[in-house]
Number of protein chains: 6
Amino acid sequence: MFRHTRALQYNAKPDRPDPIMARRLQEALGGQWGETTGMMSYLSQGWSSTGDEKYKDLLLDTGTEEIGHVEMISTMIGYLLEGAPTTMTSEEMKNDPAKAALLSGMDPEHALVHGLTAGLNNPNGAAWNAGYVTSSGNLVADMRFNVVRESEARLQVSRLYDMTDDEGVRDMLKFLLARETQHQLQFMKAQEELEEKYGVIVPGNMHDVEHSEFAHVLMNFSDGEGSRAFEGQVAKDGQKFTYQENPEAMGGVPKGKPADPRLHNDQG
Amino acid sequence: MFRHTRALQYNAKPDRPDPIMARRLQEALGGQWGETTGMMSYLSQGWSSTGDEKYKDLLLDTGTEEIGHVEMISTMIGYLLEGAPTTMTSEEMKNDPAKAALLSGMDPEHALVHGLTAGLNNPNGAAWNAGYVTSSGNLVADMRFNVVRESEARLQVSRLYDMTDDEGVRDMLKFLLARETQHQLQFMKAQEELEEKYGVIVPGNMHDVEHSEFAHVLMNFSDGEGSRAFEGQVAKDGQKFTYQENPEAMGGVPKGKPADPRLHNDQG
Amino acid sequence: MFRHTRALQYNAKPDRPDPIMARRLQEALGGQWGETTGMMSYLSQGWSSTGDEKYKDLLLDTGTEEIGHVEMISTMIGYLLEGAPTTMTSEEMKNDPAKAALLSGMDPEHALVHGLTAGLNNPNGAAWNAGYVTSSGNLVADMRFNVVRESEARLQVSRLYDMTDDEGVRDMLKFLLARETQHQLQFMKAQEELEEKYGVIVPGNMHDVEHSEFAHVLMNFSDGEGSRAFEGQVAKDGQKFTYQENPEAMGGVPKGKPADPRLHNDQG
Amino acid sequence: MFRHTRALQYNAKPDRPDPIMARRLQEALGGQWGETTGMMSYLSQGWSSTGDEKYKDLLLDTGTEEIGHVEMISTMIGYLLEGAPTTMTSEEMKNDPAKAALLSGMDPEHALVHGLTAGLNNPNGAAWNAGYVTSSGNLVADMRFNVVRESEARLQVSRLYDMTDDEGVRDMLKFLLARETQHQLQFMKAQEELEEKYGVIVPGNMHDVEHSEFAHVLMNFSDGEGSRAFEGQVAKDGQKFTYQENPEAMGGVPKGKPADPRLHNDQG
Amino acid sequence: MFRHTRALQYNAKPDRPDPIMARRLQEALGGQWGETTGMMSYLSQGWSSTGDEKYKDLLLDTGTEEIGHVEMISTMIGYLLEGAPTTMTSEEMKNDPAKAALLSGMDPEHALVHGLTAGLNNPNGAAWNAGYVTSSGNLVADMRFNVVRESEARLQVSRLYDMTDDEGVRDMLKFLLARETQHQLQFMKAQEELEEKYGVIVPGNMHDVEHSEFAHVLMNFSDGEGSRAFEGQVAKDGQKFTYQENPEAMGGVPKGKPADPRLHNDQG
Amino acid sequence: MFRHTRALQYNAKPDRPDPIMARRLQEALGGQWGETTGMMSYLSQGWSSTGDEKYKDLLLDTGTEEIGHVEMISTMIGYLLEGAPTTMTSEEMKNDPAKAALLSGMDPEHALVHGLTAGLNNPNGAAWNAGYVTSSGNLVADMRFNVVRESEARLQVSRLYDMTDDEGVRDMLKFLLARETQHQLQFMKAQEELEEKYGVIVPGNMHDVEHSEFAHVLMNFSDGEGSRAFEGQVAKDGQKFTYQENPEAMGGVPKGKPADPRLHNDQG
Ligand SMILES: [Ca+2]
Ligand SMILES: [Ca+2]
Ligand SMILES: [Ca+2]
Ligand SMILES: [Ca+2]
Ligand SMILES: [Ca+2]
Ligand SMILES: [Ca+2]
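Residues numbered from 1 in each chain as written. Chains lettered and ligands numbered in written order. Predicted model: local features only at pLDDT ≥ 70, side-chain atom pairs only at ≥ 80, totals over all residues. Heavy atoms only, no water.

Talk me through the nonpolar core; I want residue IDs and the actual numbers.
Counting 369 residues, the largest nonpolar core has A:Trp128, B:Trp128, C:Trp128, D:Trp128, E:Trp128 and F:Trp128 as its most contacted members. Apart from the residues lying within four places of it in its own chain, the contact partners of E:Trp128 are C:Leu120, C:Trp128, C:Asn129, C:Ala130, E:Gly30, E:Gly31, E:Thr36, E:Thr37, E:Met40, E:Leu120, E:Asn121 and E:Val133. (Core = buried A, V, L, I, M, F, W, Y, C linked by side-chain atoms within 4.5 Å. Buried < 20%, exposed > 50% of the residue type's maximum accessible area, 1.4 Å probe, protein only. Contact = heavy atoms within 4.5 Å.)

Listed below in structure tokens is the structure:
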């Protein structure tokens, strides 16, 4: 069960409106690696966890924090859209081409669909969808996913930082950068502990099943020579990589049977 | 530029048809973490890489291999669908309820849309989409993503292995397990080398920008006590985690301005 | 069965081309609350209705009218795109930055994919999809949905009206405004009649099933005090709202069982 | 900012596992009208509201409650999936066709992708997406949408109730039914207050703009006679409906100009 | 503008309910190549056509007919769902495993979301979307697309025909087969006329632009020898195909420049 | 199994960067009719083909070539994005409105998500999805689809050609035009051969099943007179088209039964 405090976790007010920056920030709200993806992934993983309390709690702590980040970014986008232009005549465009460019760079649905408030989309207006979320039941895999979520998100926040000189926006981004540092580090720590228990390969107990003669071979399918550099190096599981210059096709040529005529597979 | 050999990389022939297993294998073909996601992510990353040849080549080697995995799984699905039932009368269902269950457990589009061959979907018929792909320009983040792709994929292949006793299917899965071991290890190795160069936090050069006082604090937003276990532990960047029992709302209550009347935001 | 008259229901010709307005009008064609959503929702509801003829006919009358609105808006978009620029050199952009802004504000797929005609998308190019449609079998719920469809659509048409000064476009929008007034009113009327028969709560006959002690309690999960204003007010079903300042967590802490090892849920 | 209590708002434990019911409950979690749609719509509306505190708070109170409902349903699905079968040989299917039917009726991704826990999908595995969410800036329209969300959701919960005899599941559904009664009523109350202020037509101030001669005419586009019943009745705005038996095509036949040859619109 | 007749174009009543057949028919309603795709493609092409009246009218005639096919299939699905089971206890499943299989083979959303009526989805519940529609402005290309639409649809209708022995359903399918024969033929006729005017290559006037030395070469990128059979054959434009056994890589190895550091493309 | 050569099939280097052209080229990469659609359709068809080797090989040859086209276009987009602006202050926008328009016309995700490299999207940022792919098991239908893919693609490439004067970009487009000429011609040839075997109607053997009295009738559902021109003409199967001025509604008015009360279909 959740409770909400009207006060934000951190300041989310720009110095001045900037509707193009509002559009860009939609990535952090509704993009593939945005806060909504973090929120729904961590909460789902936390709710379904049946293992060690410390990982379950870590996921729920962080998933709950992310709802607050969704809130902050929504708030910021709303501020940035205040007073944004929604139309210009062709006469006005001629007289003020910079403003015309501003209008063209905005998301037209910000005004038309949302009345100059945030939507749950990326900057190109693609609706956020749960195909971005991961909750697999295997916490080693999912902790790795969580580290990626925080890495891609911090990368995007860094790029956003360099796309504005508004000190209010930057102040919020500096806070998010720090939280994404923490989240990368905490999920890495959890990942490492779990790897100690289950091994570095996910999932942990299939090594005696796999065809192990193919498990440490770097196969050269592209004619660049670069990847040969890994030959002989020691992998994280302690074994060495070998290199196969010309990987062979071991499987033979497949030959299926024609389908039943009732499928009408006219094939010549 | 690519060339194709008709012979498969490895055997992809089942001992006998099994249309429900065909449906399950669609996850490895067209699911969020299936081979198509690997193929398109690694190739995209490889094509756009401008850095060290060894990473670029590693990505192109592996991306090219994955096209062959897409081929193997498509082939296997085709074999598994051979001779599958496509309909039963209610009389027949009564007389053979096990076959009726088989028919109900199949993907009806396998027959209706694809003539008993594979489609580029997951087992629930959701079309594969590029929202599953990642290619960010930052190879530390993307190598991490690649490790996740191989981890989630190997997890699913392990589950698939336990869902069949067909030795032909299992033979192919044992091969895929091994390749996913190799791919996890090789991308981890690349990740580690890159982390040595850029640091463990992605991206590498924003530490003096972030509000560092929040960068190592585990904030307790959920009333479980589990995550306190991380307090005082050393994070991968060498600093210690602190723990904040009652994280405060530092941002104040936001207060936006009403929109221009032409937006018709009737709000009371 | 349907028949088509080439003549439009109402004038859909602008005074002059305006490709940015064409882009905006895509919202009314292929957006979440556009005419296609109305058309497919009302027709689906009408076709599946087995109750009173007057509601079935109302739905089919209006659904059929909406196909004609889809036609009008498609036609208008085509006119607005006539002669639109499709490219400029950087030299030309420098010499005519207003035209450059115009080009940047257009949907590039209007030219590239549709040859300067309409597509079934919203202004951000997101394809219309049937996740926008509602046809539930319950006409009280669906009449309410229809009122919403007409409300959100009329809101967007109002915003569109203020985004252009083209008298031809405005003439069409004034007509659509009026029709959306009618459609709001007619669906409200149907809704009210149905509410008289089934009660104001959808669906109608589950009151003796629900845990009624929670059915009129406004629970305060956010620390703002505003919603307390509803305390003691009389709800539409004649009962009074109560207010719970501190809603309790009644459900206990859930504790699931670990999954079978064959699921490989390595969880620590 | 949000805080989380591990204890659930209400009991979410079934008497016994039932993986087909787990699949059905995905509708309430990740379907078009499920709790996630409520959560994201109310929070988005609340965050972007700049008007009367009582509506803003009502939205945030309810949006926050819905996160807890998402949690309850995720938890229930996890319980219902405990010990679910994940595979059967054809021999086993023959010996236990009822279990075979059970396996065929499950969502195969529950095991394969989520390790027998919930996913953010509907029962057919379609990923939840933000095209289901509404936040328009106009609270009259959005309060109406919210009433629909609660109506469609309560309808589905009622259907779910009749699809199980598990008393634990039913207990949770009885609670949800009651909360959806409250939410229907509270949003209706807000809607009515706002209608008093702005009028019953959304948006409120465009009546002098629209072509009012078409604003109260029921046009007969389908040959059923049913809708004539509304003729002469008084609409909610106090005016009477008229009925047009043969609505005319007032717009003339459109005639566009051929596109520039560089668009290659070969049209005959 | 459109008008609707309540009577159907053709009989759409089954002899008896069959909810699994209802699910299969969703392909013809809301699948990639279903009637909705035909309806929206032909109408869009017709509305945007500025060329010869005969093609414009052909498109509008056929697009309008397709709305009636959408209606027929929706109606049929509704009939097929009448009285369908919506739940069984595990006891009942044991006692009647054939009925259990029937329940498992149905679309659970038919009952849960639509109250046992049709939805605008394919049999796997994927929402129809406008990514299936084509309207390019070039009628040669689009007439070809229309032939494909009718070909894939008639293929699916043929498969559906063999999946049922219900004479009522078959009667409707026999009608649809005939109409899809007509539609294939009429669009082929239009295509051929247009090809006579513009040439067989779409679009018509770019032959002096293309690098013509590559315009009739079958390049052998896969080691099968089969395609060599086309060598020397006369193509539809009168020229002969040549065959290149080992197509060369003519483009050199690309080498991009590293991005600006503000993009944080840490690449090694 | 596949192998990759780092050298491109053809030159893919522009004379100078042009981020708006980069955006447009995304259509050829990740749009409905782009190279990815070709690649996945031809490979899927080829892998699942069980008929004549010459068609199977033709599909695999061409599918493999298309991977190389995906590579070329990704490479070109990367070059075009080199050094692209990612932000401007409002001061800078005023001083250089042409550059501001350039920035507004770019895809903001090129910088923000991909670090100025290609994504698998169309120019509006919609993720490529497998709903664009066709592989039906029937090669007559699918060869027709393939001709359409190459027709729509060549149309778009022609439009792209006229949208740039960069000789490097044009050089690549001239090559693609030629390959799309070849691909149109080769798939037409295969289509014709298959039509000779199976007949011109897809699928081939249902003529004695269909209601043939409706199989050559052009029905006039739209009041334009244009399509009457087809009356009496000889269709490709040798029969003549007839024309029905007033197609009748032969199916009667449908009348469904009310659903079971447990579905709560309150309908009045
Ligand atoms: Ca290599
Ligand atoms: Ca905690
Ligand atoms: Ca409150
Ligand atoms: Ca009527
Ligand atoms: Ca070959
Ligand atoms: Ca006509």
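Kindly report on the coordination of the calcium ion (ligand 6), identifying the contributing residues and their values.
At the metal site, the calcium ion (ligand 6) is ligated by E:Asp57 (OD), E:Asp57 (OD), E:Asp61 (OD), E:Asp61 (OD), F:Asn220 (OD1), F:Ser222 (O) and F:Gly224 (O), and these contacts range over 2.2 to 2.8 Å. Remark: F:Gly224 occurs in the loop between β2 (217-219) and β3 (242-244) and E:Asp61 occurs in helix α3 (residues 53-81); the pair is interchain, linking two chains. Among the residues examined, F:Gly224 registers a relative accessible area of 9% and is labelled buried. (Donors = N, O, S within 2.8 Å, 3.2 Å for Na, K, Ca; no water. Helix = DSSP H or I, 4+ residues; strand = E, 2+ residues; numbered from the N terminus.)

Report on the relation of the copies chain D and chain C, specifying residues and quantitative values.
Rotating chain D by 180° and translating it 0.0 Å along the rotation axis places it on chain C, where the RMSD comes to 0.0 Å. Given the turn and translation reported, the copies of this chain are related as if by a two-fold rotation axis. Both copies present the same face, since 100% of the interface residues in chain D are matched by interface residues at the equivalent positions in chain C. (Least-squares fit on C-alpha atoms with pLDDT ≥ 70 in both.)

Now, about the interface of chain F and chain E: what can you tell me, with residues and values included?
Chain F puts 104 residues into the contact, and the matching count from chain E is 104 residues. Where chain F abuts chain E, roughly 8,700 Å² becomes buried across the two surfaces, and 61% of that area is made up of carbon and sulfur atoms. Three residues stand out in chain F for area buried against chain E, namely F:Leu185, F:His211 and F:Phe230, and they jointly supply 7% of the buried area on that side. Between chain F and chain E we count six salt bridges in total. The shortest N-O distance in the salt bridge between E:Glu192 and F:Lys236 comes to 3.7 Å. Looking at the side of chain F that touches chain E, the elements that each hand over two or more residues are α3 (53-81), α7 (139-162), α8 (167-198) and β2 of chain F. The greatest single-element share of the side of chain F that touches chain E, amounting to 16 residues, is contributed by α8(F). Taken together, the residues of the side of chain F that touches chain E break down into 47 nonpolar, 32 polar and 25 charged. (Buried area = accessible area lost by both parts, 1.4 Å probe. Salt bridge = Lys/Arg side-chain N within 4 Å of Asp/Glu carboxyl O. Nonpolar A, V, L, I, M, F, W, Y, C, P; charged D, E, K, R; others polar.)

Tell me about the coordination of the calcium ion (ligand 1), residues and numbers included.
Summarising the metal site, the calcium ion (ligand 1) is bound by the protein donors A:Asn220 (OD1), A:Ser222 (O), A:Gly224 (O), B:Asp57 (OD), B:Asp57 (OD), B:Asp61 (OD) and B:Asp61 (OD), whose distances to it range over 2.2 to 2.8 Å. The class of A:Ser222 is buried, set by a relative accessible area of 1%.

Outline unusual backbone geometry, supporting the account with residue identities and numerical values.
Of note, the bond from B:Val202 into B:Pro203 is cis; its omega dihedral lies within 30 degrees of zero at -10°. Positive phi values are uncommon outside glycine, yet D:His264 reaches one of about 60°. Locating D:His264 in the fold gives a position in the segment after β3 (242-244). Residue D:His264 is classed as buried on the basis of its relative accessible area, which comes to 4%.

Break down the pattern of salt bridges for me, citing the residues and quoting the values.
Residues and elements named next belong to chain E. Summed over all chains, the structure comprises 96 salt bridges over all chains. Here glutamate 195 makes a salt bridge to arginine 144, at a shortest N to O gap of 2.9 Å. Of this pair, glutamate 195 sits in helix α8 (residues 167-198) while arginine 144 sits in helix α7 (residues 139-162), placing them 51 residues apart in sequence. The class of glutamate 195 is buried, set by a relative accessible area of 7%.

Before we move on, can you summarise the relation of the copies chain F and chain E with the specific residues and values?
Between the two copies, chain F and chain E, the superposition gives an RMSD of 0.0 Å; the rotation angle is 180° and the shift along the axis is 0.0 Å. Of all interface residues in chain F, 100% are interface residues in chain E too; the two copies therefore contact each other through one and the same surface.

Talk me through a negative patch on the surface; I want residue IDs and the actual numbers.
Residues A:Asp15, A:Asp165, A:Glu167, F:Glu91, F:Glu92 and F:Asp96 make up a contiguous surface patch of negative charge. In this structure, A:Glu167 sits in helix α8 (residues 167-198). The partly exposed category is assigned to A:Glu167, whose relative accessible area is 43%. (Patch = residues over 30% accessible without salt bridge, like charges linked within 9 Å, V, L, I, M, F, W, Y side chains within 5 Å. Areas by Shrake-Rupley, 256 points an atom, 1.4 Å probe, with all protein chains shown as cover. Lys, Arg positive; Asp, Glu negative; His and termini not counted. Charge placed at Lys NZ, Arg CZ, Asp CG, Glu CD.)

Report on helix α1 (residues 19-30) of chain F, specifying residues and quantitative values.
All names here are of chain F. Look at α1: 16 Å from first C-alpha to last across 12 residues, which is about the 16 Å you get at 1.5 Å a residue. Where burial is concerned, most of α1 is hidden: 12 out of the 12 residues are buried. Along α1, the residues that are buried comprise Pro19, Ile20, Met21, Ala22, Arg23, Arg24, Leu25, Gln26, Glu27, Ala28, Leu29 and Gly30. (Expected span 1.5 Å × (residues − 1).)

Any details on the interface of chain D and chain C? Residues and values, ideally.
In this assembly, 104 residues from chain D lie in contact with 104 residues from chain C. With both sides pooled, the region where chain D packs onto chain C buries about 8,700 Å², and carbon together with sulfur makes up 61% of that total. Counting the surface chain D buries against chain C, the share from its top three residues, D:Leu185, D:His211 and D:Phe230, is 7%. Counting across the chain D and chain C interface gives six salt bridges.

Can you tell me about the packing of aromatic side chains, naming the residues and giving the values?
Given two aromatic rings, their pairing is described by the distance between the two centres and the angle made by the two planes. Applying the stated criterion across every chain yields a total of 57 aromatic pairs over all chains. Ring geometry for B:Trp128 against F:Trp128: centres 5.9 Å apart, planes inclined by 55°, an arrangement best described as tilted. Pair noted here: B:Trp128 is in the loop between α6 (108-112) and α7 (139-162) and F:Trp128 is in the loop between α6 (108-112) and α7, and the two residues belong to different chains. The buried category is assigned to B:Trp128, whose relative accessible area is 0%. Pairing E:Trp33 with F:Phe145 gives two aromatic rings, centres 6.0 Å apart and planes at 85°, and the pair type is edge-to-face. On the criterion of chain membership, the pair formed by E:Trp33 in the loop between α1 (19-30) and α2 (35-48) and F:Phe145 in helix α7 is interchain, its members lying in two chains. Across the pair, exposure class does not vary: E:Trp33 and F:Phe145 are buried alike. Looking at F:Arg170, its charged tip hangs above the ring of F:Tyr161, at a distance of 4.0 Å from the centre. (Phe/Tyr/Trp six-rings, centres within 6.5 Å; stacked < 30°, edge-to-face > 60°. Lys NZ or Arg CZ within 6 Å of the ring centre and 35° of its normal.)

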